[in-house]
Amino acid sequence: MDAMHLKYMQRAIALGHKGTRLSYPNPSVGAVIVCNDVIIGEGYTDAYGGPHAEVNAINSVKDESLLSKSTMYVTLEPCSHYGKTPPCANLIEAKKIPKIYIGCMDTFSKVSGKGIEILLKAGREVHVGILEEECLELHKRFLTFHNKQRPYVILKWAETKDGFIDKERIVDGIEDAKPTWISNELSQQKVHQIRAEEHAILVGTKTALKDNPSLTTRSVAGASPIRILVDRTLKVPQHYSLYSGEVKTFVFTEQNAVHENVVFKQIDFSKSILPQILAELHQENIQSVLVEGGKQLLTSFIEEDLWDEALVFVGKSQFTKGVTAPEIKLKPIKESYLQGDLLKHYISS
Ligand SMILES: NC(=O)C1=CN([C@@H]2O[C@H](COP(=O)(O)OP(=O)(O)OC[C@H]3O[C@@H](n4cnc5c(N)ncnc54)[C@H](OP(=O)(O)O)[C@@H]3O)[C@@H](O)[C@H]2O)C=CC1
Ligand SMILES: Nc1c(N[C@@H]2O[C@H](COP(=O)(O)O)[C@@H](O)[C@H]2O)[nH]c(=O)[nH]c1=O
Ligand SMILES: [Zn+2]
């Protein structure tokens, strides 16, 4: 592929990343319009209900007469259906844009191939699969949500150099519950950034009991994800942070209960809870979930093969004993350093 096409698709991808989370439940698409090797328009998907990337890119072009001599680069197949806005494929056709380079197909059943069909029928030159891997990465949450009928699942934990996620610690007092910090401050800020990119965040009962987490994004600019707690018998005290009401919170339980700051969702604990939780999150239109622990909950996602990515921060300390870390029997696809902490990035096979 010509380097020029890659360069413009790269720009479209960068634009797409700007809209992540804001566009839910729409995918955050990026689009660039080029005429005579000059970018004359660009855009990304607005917050839900607002214009799609292609519309914003077309509207940003000052001299509309150039559109009939231009090329559009768009990260995802243009839509072909009437949702909150009319189909982008029809607009591209109406504006007489002759060439369209598409990053990846939209496998969402209402579009899947139909956007491309409109453009081909209109006699346009269409190329599909430019920087496809990067475009699939950009749209991973949206595509997983529609293809697998569940949110994109990211596992995350911090472990010591010798493989522990916590010290040996008995918390009966409950009042003093707080996490044992393993990763450094930079990693903790990175975690807040990761939280800001995801739609929801999930923890198990013992993590909530021992750590009293807030699960917010307080050290970065983005919004906090919807908080989700698994608490079969409602052991977590209601003066704990998860009941603060500062962020929308769901509690999956077997109990029939009511609290003004959380939504209780009853599930059947006599069978695997993960498919039930994921189905309910799908129902709630939640496209991604970050699972932050603890060991039992993370391990069940690994054993039931219901995960897509894992992020493991390895700190410098050693505990010798304590709560052992979950295990992923794969090689990381990437390793990077954050001021001495190692961040291992796994992709489910
Ligand atoms: N370093 C790090 O990154 C992190 C460390 N931690 C640490 O991990 C420890 C907690 O881990 P762990 O003890 O494994 O506890 P979890 O947080 O995984 O909670 C376990 C409890 O949650 C419920 N539960 C979890 N998974 C399932 C499942 N698949 N099906 C049904 N119920 C489930 C059960 O509750 P019930 O028994 O009521 O049915 C279970 O006893 C703490 O010490 C915490 O500090 C936690 C998160 C991150
Ligand atoms: N100990 C530990 C983590 N612990 C995770 O962070 C949660 C606390 O979140 P918050 O209350 O928002 O600060 C805690 O319950 C657990 O899920 N995370 C890390 O990145 N590094 C660490 O060393
Ligand atoms: Zn569209």
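Parameters and conventions
- Residues numbered from 1 in each chain as written.
- Chains lettered and ligands numbered in written order.
- Predicted model: local features only at pLDDT ≥ 70, side-chain atom pairs only at ≥ 80, totals over all residues.
- Heavy atoms only, no water.
- UniProt positions renumbered as here; feature names shortened; annotations may be inferred.
- Helix = DSSP H or I, 4+ residues; strand = E, 2+ residues; numbered from the N terminus.
- Rg over C-alpha atoms; globule rule 2.2 N^0.38 Å.
- Buried < 20%, exposed > 50% of the residue type's maximum accessible area, 1.4 Å probe, protein only.
- Contact = heavy atoms within 4.5 Å.
- Areas by Shrake-Rupley, 256 points an atom, 1.4 Å probe, with all protein chains shown as cover.
- Lys, Arg positive; Asp, Glu negative; His and termini not counted.
- Charge placed at Lys NZ, Arg CZ, Asp CG, Glu CD.
- Expected span 1.5 Å × (residues − 1).
- Polar contact = N/O pair within 3.5 Å; in protein donor to acceptor, adjacent residues only side chain to side chain.
- Near = heavy atom within 4 Å.
- Salt bridge = Lys/Arg side-chain N within 4 Å of Asp/Glu carboxyl O.

- The name an unreviewed UniProt entry assigns to the protein is Riboflavin biosynthesis protein RibD, from the organism Wenyingzhuangia heitensis.
- The Function (unreviewed entry) comment attached to the protein in UniProt states, word for word, "Converts 2,5-diamino-6-(ribosylamino)-4(3h)-pyrimidinone 5'-phosphate into 5-amino-6-(ribosylamino)-2,4(1h,3h)-pyrimidinedione 5'-phosphate."

**Quick notes on the overall build of the protein**
(1) Moving on: For the protein, the count of helices and strands is 10 helices and 16 strands.
(2) Moving on: Taken over C-alpha atoms, the radius of gyration comes to 23 Å for the protein, in line with the 20 Å a tight globule of 349 residues would show.
(3) Moving on: When each of the 349 residues of the protein is scored for burial, the buried share is 54%.
(4) Moving on: Taking as baseline every contact in the protein between residues at least 6 positions apart, the subset at least 24 positions apart corresponds to 69%.
(5) Moving on: For the protein, the accessible area works out to roughly 16,500 Å², and carbon and sulfur atoms hold 49% of it.
(6) Moving on: Here the protein holds 41 positive side-chain charges and 43 negative ones, and the gap between their average locations is 1 Å.

**Considering helix 7 (residues 185-197)**
(1) Moving on: In this model helix 7 runs 19 Å from its N-terminal to its C-terminal C-alpha over 13 residues, within 8% of the 18 Å that 1.5 Å per residue would give.
(2) Moving on: Looking at helix 7, one finds that the buried residues are Ser187, Val191, His192, Ile194, Arg195 and Ala196.
(3) Moving on: The secondary structure elements touched by the buried residues of helix 7 are strand 6 (152-159), strand 8 (200-203), strand 12 (288-291), strand 13 (309-314), strand 15 (334-338) and strand 16 (341-347).
(4) Moving on: At the N-terminal end of helix 7, a side-chain oxygen is found 3.1 Å from the backbone nitrogen of Leu186, two or three residues along, and the residue is Asn184.

**Describing the site of ligand 2**
(1) Moving on: Near ligand 2, the surroundings consist of 17 residues, among which Ile182, Ser183, Arg195, Ser214 and Arg218 are the closest.
(2) Moving on: Backbone polar atom of Ile182 to an oxygen atom of ligand 2: 2.5 Å apart, as the coordinates give it.
(3) Moving on: Considered on its own, ligand 2 offers 520 Å² of accessible surface; in the complex 93% of this is hidden by protein.
(4) Moving on: At the level of elements, strand 6, helix 7 and helix 8 (205-211) are the ones that each hand at least two residues to the shell around ligand 2.

**Observations concerning the pattern of salt bridges**
(1) Moving on: Scanning all chains against the criterion turns up 17 salt bridges.
(2) Moving on: When the shortest N-O distance is used, the salt bridge between Arg232 and Glu254 registers 3.6 Å. Linking Arg232 in the loop between strand 9 (226-230) and strand 10 (249-253) with Glu254 in the loop between strand 10 and strand 11 (263-266), this pair joins segments that are 22 residues apart in sequence.
(3) Moving on: Its relative accessible area of 37% is what places Arg232 among the partly exposed residues.
(4) Moving on: Residue classification places Glu254 among the partly exposed residues on the basis of a relative accessible area of 34%.

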